[in-house]
Amino acid sequence: EVANEADELMNSLQHQIIIPSAKQTMRSSNVFLAIAAGFSSTAAFAPVLGSRGAVKTKTLWSAVASGPQRNIQTTCQLQSKVSSTKSSTSLRTAMPSLSTHCDDDLPLARDAMKFIDNSPDPFHVVQTAVEQLEEVGFVEWKDDEEIENGGKYYFTRNKSTLVAFSIGENYKPGKGFKIIGSHTDSPNLKVKPYSKRTTAKNGGASGAIQLGVECYGGGLWHTWFDRDLGISGRVFVNDEETGTIRQKMIKIDRPILRIPNLAIHLQTAKEREAFAVNKEDDLSPILAMAVKDSLTGGSTDDDSTKDEWQKKQEPLLVQMLAAELGVETEDILDFELNLFDVQTASLGGLHSEFVHSARLDNLASCFLSLRGLIDHVKGGGVQNDEDISMIAMFDHEEVGSSSATGAGSPIIGEAVKRINHALGAGADSPILYDRAIQRSLVLSVDQAHAVHPNYASKHEKNHGPVMNGGMVIKRNANQRYATNGVTGLIIRQLAKNAGLPPIQEFVVRNDCGCGSTIGPVISTATGMRAIDMGCPQLSMHSIRETMGVKDFTHGLALFKAFFSDFSAIDSKIEA
């Protein structure tokens, strides 16, 4: 409870700890205990700030140096404030300066961390993005509504895919579309359609109640063991008052589920060496212990009033969902749920040069494209624009993009047609559509593989991107990526003109398979030019991934330059 109150206080202070005056003090021993307890943010300091006592600076700084440092700026402020006391000389000799070359990048990184923490599944990604778009004047575009030059619009599909765009004041049908594409999904464990896995009333030999889950995408599944897991998604609820079926978002960020490892003493030598995961048998999370009937409300054995779907569900899960949503259990008709790590994103490294978080692939790209479009609009970019500036966040990239809401769907092509028609293309619509396609470019933005210091040999030796080193263009001669000479040149020129670090290049080794993403899919479906690129990161598809804080800054600057300067650069390249 104290930690929760501290977090609320620190959020209200924008994560800036206010140090008491020299006459006021801080109980540093309590600070040490707070850090030692493993709090993940500097909010741990809030409940132990006192107004009387003595400032024990050496103890304080020993605690800060040895504990987690989510907010390096806060510790720098602590040092600055305390240094003004009489103990400043001894403090400086006891603790090296914590100033960092990443200071200017941290506000944007924290915004990204907040976006990711609020978005544990595609439905919440879209919901979070829509909230930010509406704050700056974007309005939802219905199929039969008119649009106009200078307008800002968005539409969604299945609540898991989002398209948002601004129309230049000088736009005419046939002009180009500047599109940044990303994806809202990440590898995870999804609750099976029938969630009940434990059939024995007493939980069987273990006495544990488990959920049935299904692997989505190509996750590093061994990283899901021994993590604190919450549950999120959407629930379909019968609303008797209105006679409708409502979709309610749910996000339970408490550690209600866990997949425990098998103790080393119970494994054979071969099992310890291999650590092979049977995805069906080994990944079922524990929800509770079947200790008493009271755990299930004392009435879950009576299935006489339930329909067939409800009989196949784990009663504890349904009761928890109903309690969280404030509805009756019998009103829950269906759900789409996935598991997620409840540990929030954090800054890491001595100088806070890294972000450690779930779902960096590919919510980092979603965040940057969203912020790029918002900043383009807020900065007056629409006034002199002759084109359409658009972002598209697709679902189902991790499983191939072949769905009604994936990048392989007609969503982008239809959006271009609808916009041209709504803005007066008329009888010339087919011709103007073809012209718009040829003048457009899609940035397919998905995270890239940074060189892993322990596995550097896995990279082609001349094409090894590094974190905090700038954006990465991904190329493959066999068209696993959509980049070609023209699209790569455009991006390099944009980065050069914007004063950004030189663009990094990535190709796979000839003896290694190559992944793919939405660039080739969109180009195939629409005929648009595309480029595959992204921010470099480590641990892709792990439950926790790592990227550089500076690359958020690099990505945002490049995307803003793309929206403002693409047409000028494209027009200089001989057709």
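Read on for an overview of the structure.

About the thresholds
Along each chain, residue indices are assigned from 1 in the same order as the chain's sequence is written. Residues qualify for local features only when their pLDDT is at least 70, as the model is predicted, and side-chain atom pairs are given and counted only at 80 or more; totals for whole chains, interfaces and linings, by contrast, use all residues. In computing side-chain properties, one takes all heavy atoms of the structure into account and sets aside hydrogens as well as water. Strand pairing is assigned whenever DSSP detects at least two bridges linking the two strands. In this description a helix means any DSSP run of H or I spanning at least four residues, a strand means any run of E spanning at least two, and both kinds are numbered starting from the N terminus. In this description, contact between two residues means that some pair of their heavy atoms is separated by no more than 4.5 Å. Lines are fitted to the C-alpha atoms to define the axes, a helix being fitted only along its stretch in contact, and any angle between axes, read from their N-to-C directions, falls within 0 to 180 degrees. Roughly parallel means an angle under 35 degrees; roughly antiparallel, over 145; roughly perpendicular, 65 to 115; everything else is oblique. Crossing handedness is defined as follows: a turn of the near helix away from the far one that is anticlockwise and smaller than a right angle gives a left-handed crossing, while the clockwise case is right-handed. Under the scheme applied here, ten amino acids are nonpolar (Ala, Val, Leu, Ile, Met, Phe, Trp, Tyr, Cys and Pro), four are charged (Asp, Glu, Lys and Arg), and all others, including Gly, are polar. Only buried Ala, Val, Leu, Ile, Met, Phe, Trp, Tyr and Cys residues count toward a nonpolar core, and they belong to the same one when joined by side-chain atoms within 4.5 Å. To sort residues, take the accessible area from a 1.4 Å probe on protein chains only and compare it with the maximum for the residue type: under 20% means buried, over 50% means exposed, and anything in between is partly exposed. What makes a salt bridge here is a side-chain nitrogen of Lys or Arg within 4 Å of a carboxyl oxygen of Asp or Glu, nothing more.

Ordered by their spatial adjacency, nine strands build an open sheet running β1-β2-β3-β13-β4-β14-β18-β16-β17, and the pairing between neighbours is mixed. Either end of the sheet is taken by a strand with one partner, and the two such strands are β1 (139-140) and β17 (504-506). Across five bridges, the pairing between strand β14 (residues 441-445) and strand β18 (residues 529-534) is parallel. Bridging across to β18, L441 finds its partner in R529. Together, β2 (152-157), β3 (161-167), β4 (177-183) and β13 (388-394) form the strand contacts of helix α12 (residues 411-422), whose direction differs from that of β13 by roughly 150°. The strands touched by helix α16 (residues 549-570) within the sheet are β4, β13, β14 and β18, with β4 carrying the most contacts at an inclination of about 145°.

Bringing the packing of helix α7 (residues 122-135) against helix α11 (residues 360-378) into the picture now. Two numbers describe how α7 lies on α11: the axes approach to 11 Å, and their chain directions differ by 15°. As judged from the angle between their axes, α7 and α11 are roughly parallel. Two packed elements cross with a definite hand, and for α7 against α11 that hand is right-handed. Residues V125, A129, Q132 and L133 of α7 pack against L363, C366, L370 and I374 of α11. Residue composition of the contact of α7 with α11, by class: seven nonpolar, one polar and no charged.

Within the largest apolar cluster, 59 residues are counted, with the highest numbers of intra-cluster contacts made by V355, L443, I491, F552 and L558. Here L558 is in contact with M471, I491, L494, A495, L500, I503 and M533, once residues within four sequence places are set aside. Counting residues in hydrophobic clusters, the runner-up holds 33 residues, among them I209, M320, V327 and L337.

Moving on, we get to the pattern of salt bridges. Using the criterion set out here, one finds 18 salt bridges in the structure. The salt bridge partner of R246 is D239, with a shortest N-O separation of 3.7 Å. Under the relative-accessibility criterion, D239 is labelled buried at 15%. What you see here is one network of salt bridges that share partners, running through K192, R197 and E280.

Mapped onto the fold, Q537 is located in strand β19 (residues 536-538). Setting aside residues up to four positions removed in sequence, Q537 forms contacts with L360, D361, Q447, A448, H449, A450, M467, E545, T546 and M547.

Let's shift gears to the packing of helix α6 (residues 106-117) against α11. Contact pair α6 / α11: the axes reach a minimum separation of 10 Å and the direction vectors enclose 120°. The orientation of α6 relative to α11 falls into the category oblique. Once α6 is placed against α11, the crossing between them reads as right-handed. Counted together, L108, D111, A112, F115 and I116 of α6 and L360, L363, A364, C366, F367, L370 and R371 of α11 form the full contact between these two elements. When grouped by side-chain class, the residues that make up the contact of α6 with α11 number ten nonpolar, no polar and two charged.

Spatial strand order, β11-β12-β20-β19-β15: five strands in an open sheet with mixed pairing. Two strands bound the open sheet, and with one partner strand each, they are β11 (346-348) and β15 (448-449). Sheet contacts for α6: β11 and β12 (354-357); angle to β11, the most-contacted strand, approximately 135°. Of the strands in this sheet, β11, β12, β19 and β20 (545-548) are in contact with α16, which crosses β20 at around 65°.

A few words on the pairing of strand β6 (residues 208-216). Bridge count between strand β5 (residues 188-196) and β6: five bridges; the pairing is antiparallel. In the strand pairing of β6, N188 is matched with Y216. Pairing of β6 with strand β9 (residues 286-289) involves three bridges; the strand directions are antiparallel. Note that in β9 the partner of Q210 across the bridge is I286.

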